[in-house]
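Fold and geometry: a report
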Amino acid sequence: MKFWRRVHKLSQEELAGRLGSSPRHISRLETGTCRASEAIVLQIGEVLTLGKRDLNHLLISAGYAPFVESIDFNSPELRWLRKAMILTLRALDPYPATLVDSDSQILMVNKGFVNLFSQVVPASLLAQISNNYDFVFGRSSSDSMVKDWEDIVSAIIMAGQQAALFSNNPDDQAQIDSLVERSSVPQDWAQRAAKMEPRSSFRVQVDLLGEVQNFFNVSTIVGSLGPAAFVSDPRLTINILYPEDDDLDLNFPADADISHPLLFY
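Residues numbered from 1 in each chain as written. Predicted model: local features only at pLDDT ≥ 70, side-chain atom pairs only at ≥ 80, totals over all residues. Heavy atoms only, no water.

1. What about the packing of aromatic side chains?
Scanning all chains against the criterion turns up three aromatic pairs. When the ring of Phe3 is compared with that of Trp4, the centres are 5.1 Å apart and the planes differ by 80 degrees; the resulting orientation is edge-to-face. By relative accessible area, which is 55% here, Phe3 ends up exposed. Centre to centre, the rings of Phe113 and Phe117 are 4.9 Å apart; their planes meet at 45 degrees, and the pair counts as tilted. Highlighted residues: Phe113 and Phe117, both in helix H7 (residues 111-117), separated by four residues, approximately one helical turn. Under the relative-accessibility criterion, Phe113 is labelled buried at 4%. (Phe/Tyr/Trp six-rings, centres within 6.5 Å; stacked < 30°, edge-to-face > 60°. Buried < 20%, exposed > 50% of the residue type's maximum accessible area, 1.4 Å probe, protein only. Helix = DSSP H or I, 4+ residues; strand = E, 2+ residues; numbered from the N terminus.)

Here it is as structure tokens:
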């Protein structure tokens, strides 16, 4: 608040006048001796003509959830982003990679993903995959490709639950509730996750031609610059599988017919 007041070259007295408040109250807000209501934070944002990004920063600093407006990844104005994501996924070949949005919808895959999982999942089923949660949670612990499945699933759900509590969005909570009801999720998922620290990666085991191969699943977030990048839609994540065995050949034949509805190159 103090920063933006100075950007607009306003004294505490001038800002107080525009807000219909007192300079003393503005001073107490800036020093943290008095907590701002959400209403006054929004009023300050309006008086200082803050954009969406900076208003969200101000809300977060005051202890309130930011406003997130959904943005269509396939909209014309995001053509540049789609092109950048295609180039990124192509550059990751032959390592399997997917681009996922905040609702766990798979937006894009690369050839490495199709090449690997066509050896594991029937082609007809692979072509229908469009949701990462369905792909991961559709398996039981007995046939899962993920090592320590129940712990990993618990950690994934806990991350989503914390995000839903932060956003206070009923749709986010409904998605978590639907996941918890799946038979593949342990009933004590919350207790399991409470004992775990967040993981930046986890192991995935894939049976390739009768031999189990270990992969590390690593996720990287695609977002705008700034400390509130994680609240900027579209909130995108690239999930990548790297083989544990350096000698494992993931390259596919140059003339291989690799296709998928979400493969765009």
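2. Looking at the environment of Ile86
Relative to the elements of secondary structure, Ile86 occurs in helix H6 (residues 79-92). Remark: the alpha-carbon pair of Ile86 and Ile240, spanning 154 residues in sequence, is separated by 14 Å. For Ile86, the residues in contact, after removing those within four places along its chain, are Met108, Phe264 and Tyr265. (Contact = heavy atoms within 4.5 Å.)

3. Structural notes on the pattern of salt bridges
Between side chains of opposite charge, a pair can form when the charged atoms approach closely. Evaluated as defined, the whole model comprises five salt bridges. The partner of Glu150 in a salt bridge is Arg192, and the shortest N-O contact between them spans 2.9 Å. Taken as a pair, Glu150 in helix H10 (residues 149-167) and Arg192 in helix H12 (residues 189-194) lie far apart in primary sequence, 42 residues in all. By relative accessible area, which is 28% here, Glu150 ends up partly exposed. Asp151 is the salt-bridge partner of Arg192, the closest N and O atoms lying 2.8 Å from each other. Of this pair, Arg192 sits in helix H12 while Asp151 sits in helix H10, and the two are 41 residues apart along the sequence. According to the relative accessible area criterion, Asp151 is partly exposed, its value standing at 25%. Within the structure, one salt-bridge network assembled from shared partners comprises Glu150, Asp151, Asp188 and Arg192. (Salt bridge = Lys/Arg side-chain N within 4 Å of Asp/Glu carboxyl O.)

4. Side note on the packing of helix H2 (residues 12-19) against helix H3 (residues 23-31)
Following both chains from N to C, one finds H2 and H3 inclined at 110 degrees, their axes separated by 8 Å at the closest point. Classified by the angle their axes make, H2 and H3 are roughly perpendicular. The segment H2 lies against H3, with Gln12, Glu13, Leu15, Ala16 and Leu19 engaging Pro23, Ile26, Ser27 and Glu30. For the contact of H2 with H3, the residue count by class is five nonpolar, two polar and two charged. (Axes fitted to C-alpha atoms, helices over the stretch in contact; angles between N-to-C directions. Parallel < 35°, antiparallel > 145°, perpendicular 65-115°, else oblique. Nonpolar A, V, L, I, M, F, W, Y, C, P; charged D, E, K, R; others polar.)

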